[in-house]
Amino acid sequence: MRILFIGGTGIISTASSELAVARGHELFLLNRGRHGVTIPGAQSIIADLHDEAATAAALAGRTWDAVVNFLAFTPADIERDLRLFRGRTAHYVFISSASAYQRPLAHYLVTESTPLVNPFWDYSRAKIACEDRVLRALREEAFPATIVRPSLTFGDTQIPLAVNSWLRSYTAVDRLRRGVPVIIPGDGSSLWTITHNSDFAVGLVGLLGHQQAIGHAFHISSDEVLTWNQCYEAVAAAAGVAAPKFVHIASDFIAACLPDAIGSLIGDKSTSIVLDNSKIKRFVPEFGAKIRFRDGVARTVAWFDADPARRLIDDEANANWDRLLSAYESGLAAARLVFGR
Ligand SMILES: NC(=O)c1ccc[n+]([C@@H]2O[C@H](COP(=O)([O-])OP(=O)(O)OC[C@H]3O[C@@H](n4cnc5c(N)ncnc54)[C@H](OP(=O)(O)O)[C@@H]3O)[C@@H](O)[C@H]2O)c1
């Protein structure tokens, strides 16, 4: 197939690009060429997606068997994609997010028919609005769309934790290695799943050009359900820290101190959630996540360790967590006084 990925060199998409090439597809990647990632065998189209005229010019005259947009976040982005790809692609995949699923969850087991409602996170509400626009295009003009909802997904370049910096994710490992406390939301016993991008890739690439997938939504995740405590312990083990300092703080307390965390925690990671992957397995029988989190994250930490230039630290996040920890310790001390302990 002749496939276009918009993005294609990011945290999730890099592995999908590699797999699409390995499967012999003719793959084009549209991005700005800034990520410093090369995908051997893929052809590059350099354009800034936010410059629609330049993107349209770069894509002029081309048609596709499948287009995947990893970079749509608002209904306006979907409108632009409809202008760019209407009549030009046999299949369009919108990358949504599993954070679009109901929060708080009414039932812990999530299928693709779990309601999409997230009052806590603008990002998720915007993804839901994108899905609505994609489905309207499907209904009104038979736009051949599929929706894919990744859950928390990582690769070599991302250390995924509930309380960490997203852009400089080595920061949590640096704290662990310095013996500084790292924050776990709640009591760490809530259930979560973290998926390796190479596993996600098998599901996504398997859907491309799949005629029965048109009009359907899928999440694609690992079946390895862990507690947050287990996820943090795996990261500490990968970092070679035998006695990590973890501090458990209720998500409400974290959100009261750091309102930016409301979406990502209350609207996402502090919910116990189990994703039922039956649907993607039915449509793409070769899908089945193979990488355990402890093995994937060991590879990630090794990637950071291989080059000091990769080990960027988020000073602002560090300062915020230190203030949060100090507020929490003062609260604990005050509580001990009140209760005479
Ligand atoms: N990771 C997760 O856990 C997770 C979970 C749920 C949903 N998602 C969804 O997954 C998608 C992110 O995919 P990803 O992780 O592969 O992306 P990413 O790591 O954010 O990388 C962004 C990609 O897009 C390109 N890009 C950025 N701005 C651009 C622009 N203005 N014009 C053209 N290209 C641009 C980048 O290359 P250049 O910088 O070279 O342009 C790169 O290829 C998002 O839609 C997100 O909502 C992610």
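All figures in this text were calculated on a predicted structure; none of them were measured in a lab.

(A) Inspection of the side chain of Glu 224 at higher detail. Structurally, the position occupied by Glu 224 is in the loop between β12 (217–220) and β13 (226–227). When its relative accessible area of 19% is taken as the criterion, Glu 224 is described as buried. A distance of 2.7 Å separates a polar side-chain atom of Glu 224 from the backbone nitrogen of Phe 293. Those residues in contact with Glu 224, other than ones at most four positions away along the chain, are Trp 192, Thr 193, Arg 292 and Phe 293.

(B) Expanded view of the sheet that holds strand β1 (residues 2–6). Spatially, the seven strands line up as an open sheet ordered β3-β2-β1-β4-β5-β7-β12, and their pairing is parallel. Bordering the open sheet on either side are β3 (43–46) and β12, each of which pairs with just one other strand. When the angles between neighbouring strand axes are averaged without regard to direction, this sheet yields 20°. Judged from the four bridges that link them, β1 and strand β4 (residues 66–69) form a sheet pairing that is parallel. Its bridge partner lying in β4, Leu 4 is registered against Val 67.

(C) Representation of the packing of helix α3 (residues 75–85) against helix α4 (residues 122–141) within the structure. Running from N to C, α3 and α4 cross one another at 30°; their axes reach a closest spacing of 8 Å. Put simply, α3 runs roughly parallel to α4. Crossing hand, α3 versus α4: right-handed. Only Ala 126, Ala 129, Cys 130, Arg 133, Val 134, Arg 136 and Ala 137 of α4 make contact with α3, whose side of the interface consists of Pro 75, Ile 78, Glu 79 and Leu 82. Residue composition of the contact of α3 with α4, grouped by class: eight nonpolar, no polar and three charged.

What counts, and where the lines are drawn
- Residues numbered from 1 in each chain as written.
- Predicted model: local features only at pLDDT ≥ 70, side-chain atom pairs only at ≥ 80, totals over all residues.
- Heavy atoms only, no water.
- Helix = DSSP H or I, 4+ residues; strand = E, 2+ residues; numbered from the N terminus.
- Buried < 20%, exposed > 50% of the residue type's maximum accessible area, 1.4 Å probe, protein only.
- Polar contact = N/O pair within 3.5 Å; in protein donor to acceptor, adjacent residues only side chain to side chain.
- Contact = heavy atoms within 4.5 Å.
- Pairing = 2+ DSSP bridges.
- Axes fitted to C-alpha atoms, helices over the stretch in contact; angles between N-to-C directions.
- Parallel < 35°, antiparallel > 145°, perpendicular 65-115°, else oblique.
- Left-handed = near helix turned anticlockwise from the far one by under 90°.
- Nonpolar A, V, L, I, M, F, W, Y, C, P; charged D, E, K, R; others polar.

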